[in-house]
Amino acid sequence: MPRPILATIHAPALRHNLARVRRAAPDARVWAVVKANAYGHGIERVYDALRGADGFALLDLQEAERVRALGWRGPILLLEGVFEPRDLELCSRLQLWHVVHCEQQIDWLAAHKTQQPHRVFLKLNSGMNRLGFAPASFRAAWARLNALPQVDEISFVTHFSDADAERGIAHQARTFAEATRDLPGERSLANSAATLRHAQDPAVRADWIRPGIAVYGSSPDFPEHGIAHWELQPTMTLASRVIGVQQLQPGDTVGYGSRFVADAPLRVGVVACGYADGYPRHCGTGTPVLVDGVRTRLLGRVSMDMLAVDLAPLPQAGFGSEVTLWGRASNGAVLPIDEVAQAAGTLGYELMCAVAPRVPVVVG
Ligand SMILES: *Cc1c(COP(=O)(O)O)cnc(C)c1O
């Protein structure tokens, strides 16, 4: 009998969330961002639910090959473009559209032999200072690309640093509008946060939106807004069971470092899930968890293979009880991944990407 831990990917929730982001930008086309193996969900597991997208955006050429192997004939965009000249051969062969963010990538294209001219997305660094041409060199990069026989269509892309937060996107959107003014071609600016918070502006939704995290049922601007506010559904449940029960007396402690000390008699459930499963070790006492679909709390330190939960609110619960670490319990109760991530000082993104290979995964 395997350990009772299990991750479930919810295909209907993926469909729902994709429809939700589409509704936020109804006249834009949607890149479903499936980088990092579909944010830890597994490209092959999400493909069927997300094939209603207009394209798939990702980073890794092997991931692009996997999407083509699934039968996808529509657009695929390499968000960081190519990493070496040889990658352009794969772009030609698999008809991948690719971002061009630096001079080296233009040099490689200029030297690339192909019958099949490429569609490229020229990237502007509008203030994030990660990838992209600075505004001052953007026109020259466009002119170089535009003169290449290897390129048949140029689109424009930029990325926001503060779409989820107070600083917002207006300054970057303005820089993008100025840099691309009068240049012909499609435009793409918005990630999940910009789509949900700012897509009422037609210049922000533009021709293509690029939602990732919202599709995977995590709120891009938590804790300001949770998934209920954005009408998103969890797409991943991490569940396990109680495999042991301890009865504590006042003064008894739980786990390594004795970080939790009981001040009253307390029943504790020991759960088959630990940091070697991808549950964050930084979660401490008080982190929310569902037992039999009822909210309770983590106690003490997370160990490699186990963690402990407070069974005081659950007199009926005990050995074998269902434990939902995040996602949706059998009774329908939801524990957003964002709340667990917050308790660990991180984001839903990191947790869903970090579920360990030893955890079995099913699509439900
Ligand atoms: C990851 C990524 C996205 C998606 O971002 P979310 O915050 O997950 O919506 C969009 N665009 C680019 C360039 C990215 O790297």
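Residues numbered from 1 in each chain as written. Predicted model: local features only at pLDDT ≥ 70, side-chain atom pairs only at ≥ 80, totals over all residues. Heavy atoms only, no water.

Moving on: the overall build of the protein. Each helix and strand counted, the protein has 13 helices and 19 strands in total. Dimensions of the protein, computed from the C-alpha atoms along their principal axes, are close to 75 × 40 × 35 Å. By the burial criterion, 55% of the 364 residues in the protein qualify as buried. Sequence-distant contacts, at least 24 apart, represent 63% of the contacts inside the protein between residues at least 6 apart. For the protein, the accessible surface area stands at approximately 15,700 Å², while carbon and sulfur atoms represent 51% of it. Charged side chains in the protein number 36 positive and 36 negative. The centres of these two groups are separated by 2 Å. (Helix = DSSP H or I, 4+ residues; strand = E, 2+ residues; numbered from the N terminus. Buried < 20%, exposed > 50% of the residue type's maximum accessible area, 1.4 Å probe, protein only. Contact = heavy atoms within 4.5 Å. Areas by Shrake-Rupley, 256 points an atom, 1.4 Å probe, with all protein chains shown as cover. Lys, Arg positive; Asp, Glu negative; His and termini not counted. Charge placed at Lys NZ, Arg CZ, Asp CG, Glu CD.)

The next thing to look at is the site of the ligand. Around the ligand, the neighbouring residues are Val33, Lys35, Tyr39, Leu79, His159, Asn191, Ser192, Arg210, Pro211, Gly212, Ile213 and Tyr349. Tyrosine 39 places a side-chain nitrogen or oxygen 2.5 Å from an oxygen atom of the ligand. For the ligand, an oxygen atom lies 2.8 Å from a polar atom in the backbone of isoleucine 213. Its free accessible area being 390 Å², the ligand has 92% of it covered by the protein chains. (Near = heavy atom within 4 Å. Polar contact = N/O pair within 3.5 Å; in protein donor to acceptor, adjacent residues only side chain to side chain.)

By domain assignment, the protein separates into domain 1 (11-216) and domain 2 (236-363). Using C-alpha coordinates to define each centre, domain 1 is positioned 37 Å away from domain 2. On the side of domain 2, seven residues touch domain 1, which itself brings eight residues to the contact. Carbon and sulfur atoms supply 75% of the area that domain 1 and domain 2 bury against each other, a total of about 750 Å² over both sides. Across the contact surface, domain 1 and domain 2 share zero salt bridges. Connecting domain 1 to domain 2 are zero residue pairs in polar contact (both at pLDDT 80 or more). (Domains from an automatic or database assignment. Buried area = accessible area lost by both parts, 1.4 Å probe. Salt bridge = Lys/Arg side-chain N within 4 Å of Asp/Glu carboxyl O.)

The next point concerns the nonpolar core. Across soluble globular proteins, nonpolar side chains show a tendency to be buried alongside one another. If you look at the biggest cluster of nonpolar residues, it comprises 111 residues, and the most contacted ones within it are Leu50, Leu122, Leu145, Tyr216, Tyr279 and Trp326. The element that contributes the greatest number of residues to this core is helix H3 (residues 43-50), accounting for five residues. Two domains each donate at least three residues to this core, and these are domain 1 (11-216) and domain 2 (236-363). Residues Phe260, Leu266, Val268 and Ala308 belong to the second largest nonpolar core, which totals eight residues. (Core = buried A, V, L, I, M, F, W, Y, C linked by side-chain atoms within 4.5 Å.)

On to the layout of surface pockets, then. Reported here for the largest pocket is a volume of approximately 740 Å³. Taken together, 35 residues make up the lining of the largest pocket; nearest its centre are Lys35, Arg130, His159, Asn191 and Tyr349. Listing elements by their share of the lining of the largest pocket, those giving two or more residues are helix H2 (35-39), helix H9 (192-198), helix H12 (337-343) and helix H13 (348-353). Looking at the lining of the largest pocket element by element, the count peaks at three residues for H12. Within the lining of the largest pocket, the residues separate by chemical class into 17 nonpolar, ten polar and eight charged. Residues lining the lining of the largest pocket come from more than one domain, with at least three contributed by each of domain 1 (11-216) and domain 2 (236-363). (1 Å grid on protein atoms, 1.4 Å probe; cavity = no way out; pocket = protein on both sides within 12 Å on 5 of 7 lines; lining within 4 Å. Points joined across faces, edges and corners; volume = space filled by probe spheres on them. Nonpolar A, V, L, I, M, F, W, Y, C, P; charged D, E, K, R; others polar.)

Of note, the amide linkage connecting phenylalanine 222 to proline 223 takes the cis form, showing an omega dihedral of 5°. At asparagine 37, a position not held by glycine, the phi torsion is positive, near 55°. Residue placement: asparagine 37 occurs in helix H2. Assessed through its relative accessible area of 25%, asparagine 37 is described here as partly exposed. Located in the positive-phi region is alanine 206, a residue other than glycine, with phi close to 50°. Take alanine 206: it is sitting in the loop between helix H10 (202-205) and strand S9 (208-209). Here alanine 206 falls in the buried class, since its relative accessible area comes to 17%.

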